[in-house]
Amino acid sequence: MRHWHPDIGDVMRIPVPDSPVPGYPVPGRMREAKFRQAAFVYLHVAILYEAAVYVMWRQGLLPTRFGPSWLWLLVGAGVTAVVVYGLLRWHNAWFARAVWLLHSLRLPALINGAFFAGAEERVVPAFYLTAIVVVMINLWMLARAGWDL
């Protein structure tokens, strides 16, 4: 199967061959695949975060100084929807880079919880260590899309 060049369209009808290796994207579409992968990894990270917040809320482990937890669950779902939609539809490198930067701001709190938390902490360090791994994987996928790595 042959595809038509997306920039020229019907003007010159220049065919673009499929990928030379079955199962791999056409070279011009590899960046699109990176954005799609980053979007779905972000979606899964957000689902994990939402589930963790819900469980911590039900266990009474969340502080109330920032407002009700159910509100933050809704805000988190809204942010997730915008980020996933933006990565899937806009394919904008600066958007992916901005999400990467904002997402990286989670690391100091996670590192503190994993390595420097006192004995009075009610959440085990393994929780924070797991979150560090998940965040780093997400940052890696966002960097692939944002900087075309």
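Structure report, in brief. (Residues numbered from 1 in each chain as written. Predicted model: local features only at pLDDT ≥ 70, side-chain atom pairs only at ≥ 80, totals over all residues. Heavy atoms only, no water.)

### Some words on the packing of helix α4 (residues 107-116) against helix α5 (residues 125-147)
Right, on to step 1. Running from N to C, α4 and α5 cross one another at 150°; their axes reach a closest spacing of 7 Å. For the element pair α4 / α5, the angle class is roughly antiparallel. Here α4 and α5 pass one another in a crossing that is left-handed. Every residue of α5 that contacts α4 at L107, A109, L110, I111, G113, A114 and F115 is listed here: P125, Y128, L129, A131, I132, V135, M136 and L139. (Axes fitted to C-alpha atoms, helices over the stretch in contact; angles between N-to-C directions. Helix = DSSP H or I, 4+ residues; strand = E, 2+ residues; numbered from the N terminus. Parallel < 35°, antiparallel > 145°, perpendicular 65-115°, else oblique. Left-handed = near helix turned anticlockwise from the far one by under 90°. Contact = heavy atoms within 4.5 Å.)

### Considerations on the nonpolar core
Right, on to step 1. Counting residues in hydrophobic clusters, the biggest one holds 13 residues, and the most contacted among them are A38, Y42 and L87.
Right, on to step 2. It is helix α1 (residues 30-58) that contributes the most residues to this core, five residues altogether.
Right, on to step 3. Counting ten residues, the second largest nonpolar core, distinct from the first, contains M56, A114, Y128 and L139. (Core = buried A, V, L, I, M, F, W, Y, C linked by side-chain atoms within 4.5 Å. Buried < 20%, exposed > 50% of the residue type's maximum accessible area, 1.4 Å probe, protein only.)

### Structural notes on the packing of aromatic side chains
Right, on to step 1. Scanning all chains against the criterion turns up six aromatic pairs.
Right, on to step 2. When the centroid spacing of 5.2 Å and the interplanar angle of 80° are considered together, the rings of W90 and F95 count as edge-to-face.
Right, on to step 3. Given the relative accessible area of 48%, W90 is considered partly exposed.
Right, on to step 4. Ring geometry for F127 versus Y128: centroids 5.5 Å apart, planes at 85°, classification edge-to-face.
Right, on to step 5. Its relative accessible area of 32% is what places F127 among the partly exposed residues.
Right, on to step 6. According to the relative accessible area criterion, Y128 is buried, its value standing at 15%.
Right, on to step 7. Here the aromatic residues Y85, W90 and F95 are joined through ring pairs into a cluster of three or more.
Right, on to step 8. Just above the ring of W94 sits the side chain of R97; from NZ or CZ to the centre is 4.5 Å. (Phe/Tyr/Trp six-rings, centres within 6.5 Å; stacked < 30°, edge-to-face > 60°. Lys NZ or Arg CZ within 6 Å of the ring centre and 35° of its normal.)

### Here's the deal with the environment of P68
Right, on to step 1. Positionally, P68 belongs in the loop between α1 and α2 (69-89).
Right, on to step 2. Each C-alpha atom, one on P68 and one on W57, is 9.5 Å from the other, the two residues being eleven residues apart in sequence.

### Points about a nonpolar patch on the surface
Right, on to step 1. The grouping of F66, W70, L71, W72, L74, V75 and V79 at the surface amounts to a nonpolar patch, some 710 Å² of accessible area in total.
Right, on to step 2. Structurally, V75 is set in helix α2.
Right, on to step 3. Relative accessible area serves as the criterion here: at 36%, V75 is assigned to the partly exposed category. (Patch = residues over 30% accessible without salt bridge, like charges linked within 9 Å, V, L, I, M, F, W, Y side chains within 5 Å. Areas by Shrake-Rupley, 256 points an atom, 1.4 Å probe, with all protein chains shown as cover. Salt bridge = Lys/Arg side-chain N within 4 Å of Asp/Glu carboxyl O.)

### Focus: α4
Right, on to step 1. Buried within α4 are the following residues: L107, L110, G113 and A114. One side of α4 carries all its buried residues, which in axial view fall inside an arc of 135°. Turned more than 90 degrees off the buried face of α4, the exposed positions are P108, A109, F115 and F116. (Arc of directions from axis to C-beta.)

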